[in-house]
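A structural walkthrough
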Amino acid sequence: DVPEAFLAVQWTRLPAGETPPAFVTRISHLLSPSEPQAPAPARPAIGSTPSFRPPIPNAATSRRFKLLPLLVMAVALLVGGYFALDKFVLSKHSAGSLFGASAPSAIPEKSIVVLPFVDMSEKKDQEYFSDGLTEELLDMLSQVPDLRVPARTSSFYFKGKSEDIATIAQKLHVSHVLEGSVRKAGNTIRVTAQLIRADNGYHLWSKAYDRDFKDIFKVQDDIAAAVVEALKAKLLPAQPLASRHQTANTEAYTQYLLGNQYRIRDTPNSNRQALAAFQKAIALDPTYAAANSGLSNVEWRIADQSTGEAAGYQRAAAAAARAIELAPNSPEGYWARGQLRTNHFFDWRGARADYEKALVLDPNNALALTDLGNLLATLGRMEDGVAMMHRANAIDPLSARAWSSLAYVLTLSRQLPAARAALTRVVQIYPEGDFSFIACSIDLLAGRPHEALAAVQSQYALEKNREIALAEYTLGHNAESQRALDLLIKNGADAWAYQVAQVYAWRGEKDKAFEWLERAYRQRDGGLTHLTYDHFLGTLRGDPRYKALLRKMNLPET
């Protein structure tokens, strides 16, 4: 695990600080001028290891070997000096390590993680409610301008784990931890909360609340206000500290929390369950803005995961517009509409305006930062897009969604060392997840088709036929490649048109590739958001049809 800036240069490890002979020989070779008589070797394939031939000994090389220990010492000093600079200075401005932490002294005093409140109900069936209370407190505390609050994904990463307070605080780079429990029985709730100083384990504040369920919003307000007071954080003069998801109807609130619990899983079945819960919440309170933004999100996800029903996207757009109408100062509606405008309507200007509005209202919204970063990459501003995604990862350092999004953008744009580093973080954060499609893509673009094929053969899924088709073709196995592509087309033409086009483009079959890109455009395939920088489409770049498609989509020509 090296500082990110190391990924832009070549580097090596010297175990125990010793310099083995092979390392000495390689450094000597790299420092030697080229032999003028030697013909230039053929350029190696991407990802291959260039052949190495030791220099022919002569007087000059003998002198260089005598000076080599000094050169190695200089290299070691430079590397050590850079490492110290990165560790104590540069790491404050970049992710640096898996959890984004820099030197312990740099942990901000006004920082807190809200751990998931524990469901203490008798039947253990109120987890959606205890999770919802945690999310509301996270949202409220994140409104405090000078208080650092890691986002939801990082907070919930530790749910059910046995990590101690000090370890959690260190990994999330915070000074304080808020934890608690919820016991709900009928219309009565008991909420306990305690604020802990991470470095010494002292309890700065704790309290228990026994209330009627209809007073849950007052309980949330009281806890958040007590935490802010204990940390002495300052609110803006005219800024109230209150939930942005409120409704006067507690049953509608319960349905909203259920909807959130389901939609986080983001499967076709869970999204339908979320849809039903949000619809119930809106039926109970038609003015419930947060339920409308949730409804918008699951409507377009359901449409995208099925046959792309146009009516579903229209319902999603209407729900987002309703959420914004009801709560113009809440970021959720803008983020939901921005996602829809990006991935279905290809309304880049409108989507960017929505994401930026969401970030004005909530500068620490990791979801909006990640999606805006993706959009900027689509619009040809790759460097700005990657920087935006790094900001999201600093706020939510344990988000597999944020890190995998970054890894895939870096992969398709052929920034492979950085892509591997981001993928490593994803796997460390979420080891049970399957990110082999990213690993396969990295290996293919690095010229390692055997490794690419091995990455996807361990676990089958329909979409992996794309990776198999690409890898088999690269290995010269045309029949196997076509077999995998036929399966992808047979079973996933409605949802994977862009991936089919990638295979044809990689194989140099341009006419077929453009035929499927046009189909992807008609189907409003979200894969087209990668069109401007996708190196799997490299064979198409000089074709007039490629530039015509970019113009039709209002994208910059690349």
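This text follows the structure it describes.
A separate point is the overall build of the protein. Looking only at helices and strands, one finds 23 helices and 5 strands in the protein. The buried share of the protein, taken over its 558 residues, is 49%. Relative to all contacts within the protein whose residues are 6 or more apart in sequence, the contacts with residues 24 or more apart total 62%.

A word on the pairing of strand 5 (residues 203-212). Relative to strand 5, strand 4 (residues 188-197) is paired through 9 bridges, and the arrangement is antiparallel. Considered in strand 5, the bridge of Ala 193 is made with Lys 207. Counting the residues in the hairpin turn of strand 4 and strand 5 gives 5 residues, including Gly 201, whose phi is positive at 80°.

A few words on the environment of Arg 425. Along the chain, the position of Arg 425 falls in helix 16 (residues 416-429). We classify Arg 425 as buried; its relative accessible area is 5%. Once the C-alpha coordinates of Arg 425 and Ser 404 are considered, the two residues, 21 residues apart in sequence, prove to be 8.6 Å apart.

Here we come to the pattern of salt bridges. Within the structure shown, the criterion is met by 31 salt bridges. A salt bridge links Asp 266 to Arg 301; the nearest nitrogen and oxygen atoms lie 3.1 Å apart. Taken as a pair, Asp 266 in the loop between helix 7 (250-263) and helix 8 (268-284) and Arg 301 in helix 9 (residues 289-305) lie far apart in primary sequence, 35 residues in all. When its relative accessible area of 32% is taken as the criterion, Asp 266 is described as partly exposed. Owing to a relative accessible area of 17%, Arg 301 belongs among the buried residues under this scheme. With a closest N to O distance of 3.1 Å, Glu 299 and Arg 315 form a salt bridge. Linking Glu 299 in helix 9 with Arg 315 in helix 10 (residues 310-326), this pair joins segments that are 16 residues apart in sequence. Accessibility expressed as a relative area gives 6% for Glu 299, which makes it buried.

All right, on to the pairing of strand 3 (residues 176-185) then. Within strand 3, 7 of the 10 residues are buried, which leaves the element mostly enclosed by the surrounding structure. Summarising the sheet, strand 1 (residues 112-114) and strand 3 pair through 3 bridges and their orientation is parallel. Across the sheet, the residue bridging to Ile 112 is His 176, located in strand 3. In this structure, strand 2 (residues 118-119) lies alongside strand 3, joined through 2 bridges in parallel fashion.

Taken as a whole, this structure holds 9 aromatic pairs when the rule is applied. A ring pair is formed by Tyr 157 and Phe 158, whose centres lie 5.2 Å apart and whose planes are at 85°; its orientation type is edge-to-face. Comparing Tyr 157 with Phe 158 shows no difference in burial state: the two are buried. Over the ring of Phe 536 we find Arg 466, and its NZ or CZ is 4.8 Å from the ring centre.

With that out of the way, let us pick up the environment of Ala 319. Looking at where Ala 319 falls in the secondary structure, it is placed in helix 10. Take Ala 319: its relative accessible area is 5%, and that puts it in the buried class. Separated by 28 residues in sequence, Ala 319 and Ala 291 have C-alpha atoms that sit 9.0 Å apart. Residues contacting Ala 319, with those up to four places away along its chain left out, are Asn 292, Leu 295 and Ser 296.

Attention shifts here to unusual backbone geometry. At His 173, a residue that is not glycine, the phi angle is positive and equals roughly 65°. As for its placement among the helices and strands, His 173 is situated in the loop between helix 5 (165-172) and strand 3. Taking the relative accessible area as the measure of exposure, His 173 reaches 9% and is therefore buried.

What follows deals with the environment of Ala 318. As for its position among the elements, Ala 318 is in helix 10. Ala 318 sits 25 residues away from Ser 293 along the chain, and the two C-alpha atoms are 9.8 Å apart.

Turning our eyes to something else, we now look at helix 14 (residues 382-395). In this model, helix 14 (14 residues) spans 20 Å end to end at C-alpha, consistent with the 20 Å of a helix rising 1.5 Å per residue. When we look at burial in helix 14, the residues that qualify are Met 382, Gly 385, Val 386, Met 388, Met 389, Ala 392, Asn 393 and Ile 395. Along its buried surface, helix 14 packs onto helix 13 (366-378) and helix 15 (400-412).

Attention shifts here to the packing of helix 3 (residues 127-141) against helix 7. Describing two packed helices takes the angle between their axes plus the distance from one axis to the other. Two elements in contact, helix 3 and helix 7, have axes whose closest approach is 9 Å; the angle formed by their N-to-C orientations is 90°. Comparing the axis directions of helix 3 and helix 7 gives the class roughly perpendicular. Of the residues in helix 7, those touching helix 3 at Glu 127, Tyr 128, Phe 129, Asp 131, Gly 132, Leu 133, Glu 135 and Glu 136 are Tyr 253, Thr 254, Tyr 256, Leu 257, Leu 258, Asn 260 and Gln 261. Partitioning the contact of helix 3 with helix 7 into residue classes produces 7 nonpolar, 4 polar and 4 charged.

In this section: the nonpolar core. Grouped together as the largest cluster of nonpolar side chains are 92 residues, with contacts concentrated most on Leu 517, Leu 528, Leu 531, Leu 540 and Met 553. Those residues in contact with Leu 517 that sit more than four places away from it in its chain are Tyr 498, Ala 501, Leu 528, Leu 531, Leu 540 and Leu 549. In terms of nonpolar packing, the next biggest core, distinct from the first, is built from 49 residues, Ile 112, Leu 133, Phe 213 and Ile 282 among them.

Calculation notes
Residues numbered from 1 in each chain as written. Predicted model: local features only at pLDDT ≥ 70, side-chain atom pairs only at ≥ 80, totals over all residues. Heavy atoms only, no water. Helix = DSSP H or I, 4+ residues; strand = E, 2+ residues; numbered from the N terminus. Buried < 20%, exposed > 50% of the residue type's maximum accessible area, 1.4 Å probe, protein only. Contact = heavy atoms within 4.5 Å. Pairing = 2+ DSSP bridges. Salt bridge = Lys/Arg side-chain N within 4 Å of Asp/Glu carboxyl O. Phe/Tyr/Trp six-rings, centres within 6.5 Å; stacked < 30°, edge-to-face > 60°. Lys NZ or Arg CZ within 6 Å of the ring centre and 35° of its normal. Expected span 1.5 Å × (residues − 1). Axes fitted to C-alpha atoms, helices over the stretch in contact; angles between N-to-C directions. Parallel < 35°, antiparallel > 145°, perpendicular 65-115°, else oblique. Nonpolar A, V, L, I, M, F, W, Y, C, P; charged D, E, K, R; others polar. Core = buried A, V, L, I, M, F, W, Y, C linked by side-chain atoms within 4.5 Å.

Without other data, these values stay purely geometric and don't point to any function.
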